[in-house]
Amino acid sequence: MFDITIIGSGVVGCSIARELARYKLDICVLEKESDVACGTTRANSAIIHAGYDAKPGTLKAKLNALGNPMYDKLAEELEFPFRRNGSIVICFSHEEIKGLEKLLDQGRKNGIPGLRIIYKDELMKMEPNLSDEVVAALYAETAGIVCPYEMTIALAENAAENGVEFKLNSRVLNIVKKENFYEIETINEVIKTKMVINAAGVYADEINNMVSKNKIKIIPRRGEYCVFDKSVGDMVKTTVFQLPTALGKGILVAPTIDGNLLVGPNAVDVEDKEDVSTTREGLNEVLRVAKRSVKCIPTDKIITSFAGLRARCTKEDFIIGEADDAENFINAAGIESPGLTSAPAIARMVEGIVIQKLNPEMKKDFNPIRKAIKKFRELTNDERREIIKENPSYGKIVCRCETVTEGEVLEAIRRPLGARTLDAVKRRTRCGMGRCQSGFCSTRIVDILSRELNEPITDITKFGGHSNILVEKNKEGIN
Amino acid sequence: MIKKELICIGCPLGCSLEVLVENGSVIKISGHSCKKGEDYAVKECTNPTRIITTTLEVINGAEAMVSVKTERDIPKDKIYECIRALKGVKVEAPVEAGQVIVENILNTGVNVIATKNVARKA
Amino acid sequence: MKEYDIVIIGGGPAGLAAAISAREEEIENILILEREDKLGGILNQCIHNGFGLHIFKEELTGPEYAKRFIDKVLKLNIPYKLNTMVIDFNRDKIITAVNEEDGLLEIKAKAVVLAMGCRERPRGALNIPGSRCAGILTAGTAQKYVNIKGYLPGKKIVVLGSGDIGLIMARRMTLEGAKVVEVDELLPYSSGLKRNIVQCLNDYNIPLKLSHTVVDIKGKERVEGVTVAQVDENRNIIPGTEEFVSCDTLLLSVGLIPENELTRKANIEISGNTGGPMVDETMETEIPGVFACGNVLHVHDLVDFVTMESMEAGKNAARYVKGMYEKKGEVVELTAGEGVRYTVPVWVHTGNLGDGVDVRFRVSNVYRDKYISVYFDDVRIMHLKKRILTPGEMETIRLKPAFFKDRTDIRKITIKVEGE
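Values in this document were obtained by computation on a predicted structure and should not be read as measured data.

Peer 1: So what exactly am I meant to see when it comes to the packing of helix H3 (residues 71-78) of chain A against helix H6 (residues 148-161) of chain A here?
Peer 2: Geometrically, a packed helix pair is captured by the angle between its two axes and the distance between the axes. Residues and elements named next belong to chain A. Following both chains from N to C, one finds H3 and H6 inclined at 65°, their axes separated by 10 Å at the closest point. Relative to H6, the crossing made by H3 is left-handed. Mapping the contact onto sequence places Tyr71, Leu74 and Leu78 in H3 and Met151, Ala154, Leu155 and Asn158 in H6. For the contact of H3 with H6, the per-class residue count stands at six nonpolar, one polar and no charged.

Listed below in structure tokens is the structure:
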């Protein structure tokens, strides 16, 4: 019997897992995919919002304001990449300045520091590549950028090292409430648990509706993005938004923490909770709108595009708390933007509920520190010499675009919750994320995975399931 | 009489050739713009041949596969038969480029030879 | 810091030829740095025949062509390091490289030959929408899986792009047991060699659909099919022509990009037309003693021309080291005029032409019965009738010293395609 079972290992599930790992609790995390951070966490804007967007008084406003300042310590403890680059909301006419003032006012009500309106001269000095149409902007100095999957992997690794059990490839089929515990039926087994925490992202409605009569509905809202080569990663320094619309914060232009340029997302409600395909219309829309913010969006430098699904709840706000009709069933549902920013605060809020309900004892030996995989590309030459001497596989570069060494790939595979697929290696090392988009390194990673996992090369997948890279030996199909 | 349509590969022009063949011999060629086209048409319509290249598995090799080719061109209609005959053929390392892997494949008088060296696994 | 006379970055056909010709000019202290585990570069995976017709007057496979040069490098005892990746390069010709044995290497070179080759354009460069599932890969990656590892990445293939690697792989995968459904080409003509269209597609009844492109990719875990549509002369999709083609793999053969990340690190100017550094007739870049050749300079159609160009680069690097290097005459700029996409070189020294300098270039469209003209400023000095010019085939003209006789003060040489 587990004390707590968390369903979903996105940034919310893993933040909660890591927070609760401080206590003497038997905790299990169930994940339907073959890796953590595979849903909404994998594909979003990667922005740590300042917190002026959300309507005052909502959970979104409160948790955004609380979550943002938690990032410095979290990033330091868990060694994931995070930087406060600031954000600007730009407007294109003097009339629209009113919109900025409204946001500023909202931000002040939400208790957000470091907000001010800046005008053309200062703005163009700050961001010389903005389009000539731009008139003014709301500048938010506390906004930041992060790598959401690396952060989530860090949270998960740290939780695992502190005793949390992760069960991957474990889709939940049903949950049955018993006298004073729950039985969770997964595709592999039946798990007994005293408490359930629902952090299932776009599936949080299905999980909730298995247990509670207070039905919720999540309508996935797809957002598409284009990623540009690092050679144009410095086109903007801050995250550039346009004035928000009813559909969301609109299409942004931002540097990524890894040095690329990111443009997106649009917003389209979709039925299919797995549909992360991009569309021609969507990508065109994203580029068209972005061109209004920044002059000369270099479309010839696009290296890839992707889409993510926002777990948008019809209730408009985060749903966090115990279900009214199901004791010890805690929802962390409807976590759309600013979900990433809020995740650490959501975890604290859930922690509060757990303390109240289970009154757990603190562990004495909780270790909040997680060391990142040493990134060869970020080391000085002296450090590089040192690390190759210690571990020669750091002298073998497997991904030439991102300068990733075999040593890093091996470590990604050998760590707790180690990589089992090409995409999992990619998320942990950036192998294949560069300008050639894995053309050269994928053949090597397939070899390394096959060797390390002792699996036939034909069993290696891109991301689990039937996403095999190779299907059969040459001439096998010749009769 | 059979009418055959070909694209000449003699140069980037890629002339569309029309060839009339009777009893296995070419009686008329049209559409060509040089002698190369004529020669090509005759060859393609009377005795088309190709060099076949493929890879074979290496046993105890430092590499998994060795690339091979038919030493000379073989009749075009034997391509698949040739591949079928090579299915399952494994070569023990070390392999030397030029080494005969299959002698006189399909009785064509042509050997299949290795096109690279593969050392023995250390 | 270890010092070398000449360091050659890249041990593919370009690097090997440059090394050999530099050694033949009696330079002892040469080092080739190769990132893969063997010399020969991409030729190792190009197991098909058709290489060497110009240089050796015989038809070799890729590994055989490479072997001729590798054997020579071994015979000449030219030192090389494998599994060695150059991670930095600067204007002082200091190269930083890494490998497992030496760790971090810092090397100072008197002359450097850039011979890093090129890479394939990925899907992102075309921004093809749709799924990002398994089964989408470049033709070159598929070539490595099939020819080096011996495994097929799919069984039912659609190829996008009719570049030579795509055509070659259509045949290779067919012969190894896959079904190639079709090849789609955005342009109204193929950039591949005629010979490859006939012997890789027609021989196997694989349809080539010109003016067609992939507009969507379907599939959750693995590709289940692609939507193919026809495009008009401006490459816009013609509505209503979309057709779903069932397949499990999409191979991309949509162009090659010279791999100049190191070149950029030394702030060497890159041509927007070739994607490679700008060089003069000696293959020298703007940094004295830094030369470039092969596909890093511009994408070639035939390896034979890579070899020829690289011999030239190696020879000139050697002369530079020996101090025998003097570029006489005026510097004249070469310009790609109407119908010409680029020229290599982009500068020539009028007094340094030897027996003549080969200018390589590509045209920007298919032209029939047109002329290639060379202008010295406004004066036409060469006018060559061509029955066919296609972007897929590199063209060469030779600038002879005689052209410059009695002509001083030439400011610009223009190569263009003309009707008459």
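On we go.
Peer 1: I tried to follow the pairing of strand S20 (residues 329-333) of chain A on my own but got confused; where do I start?
Peer 2: Residue and element names in this part refer to chain A. The element S20 is largely enclosed, with a buried count of five among its five residues. Residues of S20 alternate between two faces, with Phe329, Asn331 and Ala333 on one and Ile330 and Ala332 on the opposite face, all of them buried. Relative to S20, strand S19 (residues 319-322) runs antiparallel, the two sharing four bridges. Its bridge partner lying in S20, Ile320 is registered against Ala332. A loop of six residues connects S19 with S20, the two strands running antiparallel in sequence, and Asn328 in this loop sits at a positive phi of about 65°.

Peer 1: How should I be thinking about unusual backbone geometry in this particular structure?
Peer 2: Look at the link from Ala93(B) to Pro94(B): it is a cis peptide, with omega at 0°. With respect to the element layout, Pro94(B) can be found in the loop between strand S8 (90-92) and strand S9 (100-102). The omega torsion across Val344(C) and Pro345(C) is 0°, close enough to zero to call that bond cis. If you trace the backbone, Pro345(C) turns up in the loop between strand S22 (340-344) and strand S23 (347-349). We note that Asn169(A) has phi near 50°; this positive angle belongs to a residue other than glycine. Mapped onto the secondary structure, Asn169(A) falls in the loop between strand S9 (165-167) and strand S10 (172-177).

Peer 1: Explain the sheet that holds S23(C) to me, please; I cannot follow it from the model alone.
Peer 2: Think of a sheet as strands paired side by side through backbone hydrogen bonds, with each pair either parallel or antiparallel. Residues and elements named next belong to chain C. Judged by pairing direction, the sheet is mixed, and its five strands sit side by side in the order S23-S21-S28-S25-S26 without closing on themselves. The open sheet has two free edges, formed respectively by S23 and strand S26 (379-389), since each of these has just one partner strand. Put simply, the sheet's adjacent strands are angled 20° from each other on average, direction ignored. Strand direction decides the pairing type here: strand S21 (residues 331-336) and S23, joined by three bridges, are antiparallel.

Peer 1: Looking at this model, I keep getting lost on the domain arrangement of chain C. Mind explaining?
Peer 2: Interface size is commonly expressed as the accessible surface area that is lost when the partners come together. Entries for chain C in the domain assignment read domain 1 (2-119 + 257-325), domain 2 (122-254) and domain 3 (335-418). Using only C-alpha atoms to locate each centre, domain 2 of chain C and domain 3 of chain C end up separated by 35 Å.

Peer 1: Quick question: what am I supposed to make of the interface of chain B and chain A here?
Peer 2: Tallying the contact residues gives nine residues for chain B and six residues for chain A. In this assembly, chain B packs against chain A so that about 610 Å² is buried in total across both faces, 53% of it on carbon and sulfur atoms. Taken together, the links from chain B to chain A amount to one salt bridge. Between Glu57(B) and Lys473(A) there is a salt bridge, and its shortest N-O distance comes to 3.3 Å. Taken together, chain B and chain A are joined by seven residue pairs in polar contact (both at pLDDT 80 or more). When residues of the side of chain B that touches chain A are traced back to their parent elements, those giving at least two are strand S5 (53-59) and helix H2 (79-86) of chain B. Class assignment of the residues belonging to the side of chain B that touches chain A gives a composition of four nonpolar, two polar and three charged.

Peer 1: Looking at this structure, I do not really get the packing of helix H1 (residues 13-24) of chain C against helix H7 (residues 303-322) of chain C. What am I missing?
Peer 2: Residue and element names in this part refer to chain C. The contact between H1 and H7 brings their axes to 7 Å, and the two run at 40°. Between H1 and H7, the crossing angle belongs to the class labelled oblique. Judged by the sense of rotation from one axis to the other, the crossing of H1 with H7 is right-handed. Residue-level inspection shows Pro13, Ala14, Ala17, Ala18, Ser21, Ala22 and Glu24 of H1 in contact with H7, the latter providing Val303, Val306, Thr307, Ser310, Met311, Gly314, Lys315 and Ala318. Here the contact of H1 with H7 is built from residues that sort into nine nonpolar, four polar and two charged.

Parameters at a glance
- Residues numbered from 1 in each chain as written.
- Chains lettered and ligands numbered in written order.
- Predicted model: local features only at pLDDT ≥ 70, side-chain atom pairs only at ≥ 80, totals over all residues.
- Heavy atoms only, no water.
- Axes fitted to C-alpha atoms, helices over the stretch in contact; angles between N-to-C directions.
- Helix = DSSP H or I, 4+ residues; strand = E, 2+ residues; numbered from the N terminus.
- Left-handed = near helix turned anticlockwise from the far one by under 90°.
- Contact = heavy atoms within 4.5 Å.
- Nonpolar A, V, L, I, M, F, W, Y, C, P; charged D, E, K, R; others polar.
- Buried < 20%, exposed > 50% of the residue type's maximum accessible area, 1.4 Å probe, protein only.
- Pairing = 2+ DSSP bridges.
- Domains from an automatic or database assignment.
- Buried area = accessible area lost by both parts, 1.4 Å probe.
- Salt bridge = Lys/Arg side-chain N within 4 Å of Asp/Glu carboxyl O.
- Polar contact = N/O pair within 3.5 Å; in protein donor to acceptor, adjacent residues only side chain to side chain.
- Parallel < 35°, antiparallel > 145°, perpendicular 65-115°, else oblique.

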